[in-house]
Structure formats: C-alpha cells, structure tokens
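Letter by letter, the chains look like this.
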Amino acid sequence: MASIIPHIHFNGNTEEAFEFYRSVLGGSFSRLMRFKELNNPDFSFPEEEQNKIMLIRLPIGGGASLSGSDVPNFMGLVSEEENRSKIVIAASTKEEAETIFNGLSAGGTVEMPLDEGPWGTLLGTFRDKFGVEWMVEC
C-alpha cells in the first residue's frame with residue numbers, strides 16, 4: 001500500500017529544521033543528500049549552494065517519514081508566510097501527544113492548545129518556529 005510522505009521546502013535552513021525535528025521525534029535520517037552530490041560534467045550547482053540539502057528524510061515511526069529540501073536560488077524563495085498543508089502526527093498515548101506537541105511547538109505559535117478535539121480525540125494545532133503547520137492528535 002502507498003504511504004504519504006510530507007515534503008517541505010525551505011529557504012536554506014532545511015538542515016537546521018530537520019535537526020530540530022529529529023531532536024523532538026528521535027530516530028536518525030534515512031537519507032541525507034546535498035546538492036554537491038548531483039554535480040556532473042554537464043551541470044553543477046553554484047558554490048554557495050553546494051552544501052544545501054537536496055533531500056533529507058526522517059523516519060518517524062509506523063512506516064511514515066518526513067522529507068525536505070532547500071530550494072535552489074534559481075528557483076526563487078519559498079513563502080514561509082503562506083498557509084501550508086498541515087502535517088498530522090497521530091500519537092499512541094496522551095503522554096506521547098503532549099511530548100510531541102510541546103516539543104515541536106517550542107518557539108512557534110500555538111493555534112489550538114492540545115485539548116479535546118471536535119471529533120472526540122485529543123487535538124492541538126500550531127505553526128512551528130520554521131513556519132510549518134502541524135496537528136497532533138491522539
């Protein structure tokens with residue numbers, strides 16, 4: 001069966017964002033590729049983009065992963081103020097939901113505190129310090 005892997009574009013701070021996500025969610029990166037790894041005789045990225053992240057993937061349990069990359073300068077900037085699709089994390093326990101919610105929302109903006117949600121689950125929403133929107137439910 002297919003799985004959904006949310007992918008987030010960043011303006012040069014993918015590595016910082018994913019180190020933060022890993023510090024809260026745990027685990028280790030299953031993929032880390034920099035633009036310099038794509039250089040070939042016909043094309044290479046500018047020097048200032050060589051160490052930017054082409055692809056990073058963080059498994060977060062249950063076969064799911066979070067994926068991200070930096071946007072190369074020639075493609076323009078990502079608007080970090082736009083509404084992005086929320087990434088939903090379904091926790092197994094209330095304690096796990098609280099840990100994830102409190103960890104990922106640190107430095108961000110809580111939209112709806114973790115509490116009983118409209119469909120009877122524990123639910124909270126926030127925008128993290130990188131502008132990415134999340135929902136945590138249990």
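The rules we used
Each chain carries its own residue numbering, running from 1 in the written order of its sequence. In view of the model being predicted, local features appear only for residues whose pLDDT reaches at least 70, and side-chain atom pairs are presented and counted only at 80 or more, with totals across whole chains, interfaces and linings using the full set of residues. Only hydrogens and water are removed before side-chain values are computed, so all heavy atoms of the structure are retained for them. Each helix is a run of DSSP H or I of at least 4 residues and each strand a run of E of at least 2, with the numbering of both proceeding from the N terminus. We call two residues in contact when some of their heavy atoms are within 4.5 Å. Every helix has an expected span of 1.5 Å times one less than the residues it contains. Exposure categories follow from relative accessible area, calculated using a 1.4 Å probe and restricted to protein chains: below 20% of the type maximum is buried, above 50% is exposed, and the middle band is partly exposed. Under this definition, polar contacts are N or O atom pairs within 3.5 Å; protein pairs additionally need one hydrogen-donor-capable and one acceptor-capable atom, and for neighbouring residues in sequence, both atoms have to be side-chain atoms. What the arc covers is the set of directions going from the helix axis to the C-beta atoms. Orientation is described by axes fitted as lines to C-alpha atoms, over the contacting stretch for helices, and by angles from 0 to 180 degrees between their N-to-C directions. Orientation categories follow fixed angle ranges, with anything under 35 degrees roughly parallel, anything over 145 roughly antiparallel, 65 to 115 roughly perpendicular, and all other angles oblique. Take the far helix as the reference: if the near one is turned anticlockwise from it by less than a right angle, the crossing is left-handed, and if turned clockwise, right-handed. Here the term charged refers only to Asp, Glu, Lys and Arg, the term nonpolar to Ala, Val, Leu, Ile, Met, Phe, Trp, Tyr, Cys and Pro, and the term polar to all other amino acids, Gly among them.

**Digging into the side chain of Glu49**
- Turning to its location among the elements, Glu49 is positioned in the loop between strand 2 (31-34) and strand 3 (53-61).
- Once you skip the residues sitting within four places of it in the chain, Glu49 turns out to touch Phe35, Pro72 and Asn73.

**Observations concerning helix 2 (residues 94-105)**
- Taking 1.5 Å per residue, 12 residues should reach 16 Å; helix 2 reaches 16 Å between its end C-alpha atoms and fits that length.
- Taken residue by residue, helix 2 has Ala97, Ile100, Phe101, Gly103, Leu104 and Ser105 as its buried positions.
- In the core, the buried residues of helix 2 are packed alongside helix 1 (14-25), strand 5 (87-90), strand 6 (109-116), strand 7 (122-127) and strand 8 (133-137).
- Following helix 2 by one or two positions, Gly107 adopts a phi angle in the positive range, close to 80°.

**Some points on the environment of Asn73**
- Examined against the element boundaries, Asn73 turns out to sit in the loop between strand 4 (64-70) and strand 5.
- With 61 residues separating them along the chain, Asn73 and Gly12 place their C-alpha atoms 9.1 Å apart.
- Once residues within four sequence positions are removed from consideration, Asn73 is found in contact with Glu48, Glu49 and Lys52.
- Among the polar contacts made by the side chain of Asn73, one reaches the side chain of Lys52 at a distance of 3.2 Å.

**A few points about helix 1**
- With 12 residues, helix 1 extends 16 Å from end C-alpha to end C-alpha; this agrees with the ideal 16 Å at 1.5 Å per step.
- Within the sequence span of helix 1, burial applies to Thr14, Ala17, Phe18, Phe20 and Tyr21. Taken end-on, helix 1 shows its buried residues confined to a sector of 155°, consistent with a single buried face.
- For helix 1, the secondary structure elements touched by its buried residues are strand 1 (7-10), strand 3, strand 4, helix 2 and strand 8.
- One or two positions beyond helix 1, positive phi appears at Gly26, with a value near 80°.

**Comments concerning the packing of helix 1 against helix 2**
- Look at helix 1 against helix 2: their axes get within 9 Å of each other, and the N-to-C directions meet at 155°. For the element pair helix 1 / helix 2, the angle class is roughly antiparallel. Considering the relative orientation of helix 1 and helix 2, their crossing is right-handed. On the side of helix 1, the interface is formed by Phe20, Tyr21, Val24 and Leu25, while helix 2 contributes Thr99, Ile100, Gly103 and Leu104.
- Here the residues of the contact of helix 1 with helix 2 sort into 6 nonpolar, 2 polar and no charged.

By themselves, these are just geometric observations and shouldn't be taken as functional.
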